[in-house]
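What follows is the residue order along each chain.
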Amino acid sequence: MIVSLPEHPAHVTVLFPFLDEHLVDAAVHAALAEIVGGRRAFDVRFAESRRFPEVLYLAPEPDTELRRLTRAITHRWPQAQPYGGRFADVIPHLTVAQRQDAAVLDEIEADLAHRLPLTARIASVDLMAHDGVAWRERASFALWG
């Protein structure tokens, strides 16, 4: 489940992994529509880059609504813990680059600094599935407002 940024070919992950695709049926779609549709659309600003090991990312500000979306979905499907439960705190982020040498990440980060801040209106959450070749959108759920 991701929040897509229509102005940019990027996304912020709300929850990964979600349910196995064979478990995603009409009832799951209806529950997702209720969870997501009960929340207002919101704006985020990406003003600074940060890093995880081997990952350069942009931090959304504020990240409160993204965290709330993740909590609401995992509350409904507790078997779908973010990143398999590997992290105590799941940090919303927009990945810019990963698995690159530190020097490459430094170069990208320096170039990116001149392009910030970016802003985006978050108006939907997309359900994505990997078909063995690529990620494909399976459904989109609109926030209201």
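Let us look at the structure shown here. From a predicted model like this one, the values you see are computed outputs, not experimental measurements. (Residues numbered from 1 in each chain as written. Predicted model: local features only at pLDDT ≥ 70, side-chain atom pairs only at ≥ 80, totals over all residues. Heavy atoms only, no water.)

**Brief notes about the sheet that holds strand β4 (residues 55–61)**
The test is simple: Pairing between strands requires that DSSP locate at least two bridges from one strand to the other. To qualify as a helix, a DSSP run of H or I must reach at least 4 residues; to qualify as a strand, a run of E must reach at least 2; elements of each kind are numbered from the N terminus. Think of each axis as a best-fit line through the C-alpha atoms, taken over the contacting stretch in the case of a helix, with angles from 0 to 180 degrees between the N-to-C directions. Contacts are residue-level and defined by heavy atoms, with any inter-residue pair within 4.5 Å sufficient.
The sheet built from 4 strands is open, its strands ordered β5-β4-β3-β6 with antiparallel pairing. Two strands bound the open sheet, and with one partner strand each, they are β5 (94–98) and β6 (118–122). Averaged over all pairs of adjacent strands, the angle between their axes in this sheet comes to 30 degrees, without regard to strand direction. Note: β4 against β5, 4 bridges, orientation antiparallel. When the sheet's bridge partners are listed, Leu56 is paired in β5 with Ala97. Sheet strands in contact with helix α3 (residues 102–113) are β3 (42–52), β4 and β5, and its direction is about 145 degrees off that of β3.

**Observations regarding the pattern of salt bridges**
Opposite charge on two side chains makes pairing possible when the charged atoms of those side chains draw close. Note the cut-off: Throughout this description, the term salt bridge denotes a Lys or Arg side-chain nitrogen within 4 Å of a carboxyl oxygen of Asp or Glu. Only protein chains enter the accessibility calculation, which uses a 1.4 Å probe. A residue is then buried if its area is under 20% of the maximum for its type, exposed if over 50%, and partly exposed in between.
Evaluation of the coordinates by the stated rule reveals 10 salt bridges. Put simply, Glu48 and Arg50 hold a salt bridge, and the shortest N to O gap is 3.2 Å. The residue Arg51 makes a salt bridge to Glu109 at a minimum N-O spacing of 2.8 Å. Note that Arg51 is positioned in strand β3 and Glu109 in helix α3, a separation of 58 residues in sequence. On the basis of relative accessible area, Arg51 is assigned to the partly exposed category, the value being 33%. Within this structure, Arg51, Asp106 and Glu109 form a network of salt bridges that share partners.

**Let's talk about the side chain of Thr70**
Locating Thr70 in the fold gives a position in helix α2 (residues 64–76). Not counting the four nearest positions on each side in its chain, Thr70 is found in contact with Val14 and Pro82.

**Brief notes about helix α1 (residues 26–37)**
Where we set the bar: An expected span of 1.5 Å times one less than the residue number is assigned to each helix. The directions from the helix axis to the C-beta atoms form the arc being described. As used in this structure description, the phrase polar contact means that two N or O atoms lie within 3.5 Å; if the pair is within protein, one of them must be able to donate a hydrogen and the other to accept it, and residues adjacent in sequence are counted only when both atoms belong to side chains.
Helix length check: α1 (12 residues) gives 16 Å between terminal C-alpha atoms against 16 Å at 1.5 Å per residue, within 8%. Looking only at α1, the buried set comprises Val28, Ala31, Leu32, Ile35 and Val36. Along the long axis of α1, the arc covered by the buried residues comes to 125 degrees, so they all point the same way. Projecting away from the buried face of α1 at angles above 90 degrees are the exposed residues Ala26, Ala27 and Glu34. On the buried face of α1, the contacting elements are α2, β7 (124–130) and β8 (135–142). The opening residue of α1 is Asp25, an N-cap whose side-chain oxygen sits 3.1 Å from the backbone nitrogen of Ala27.

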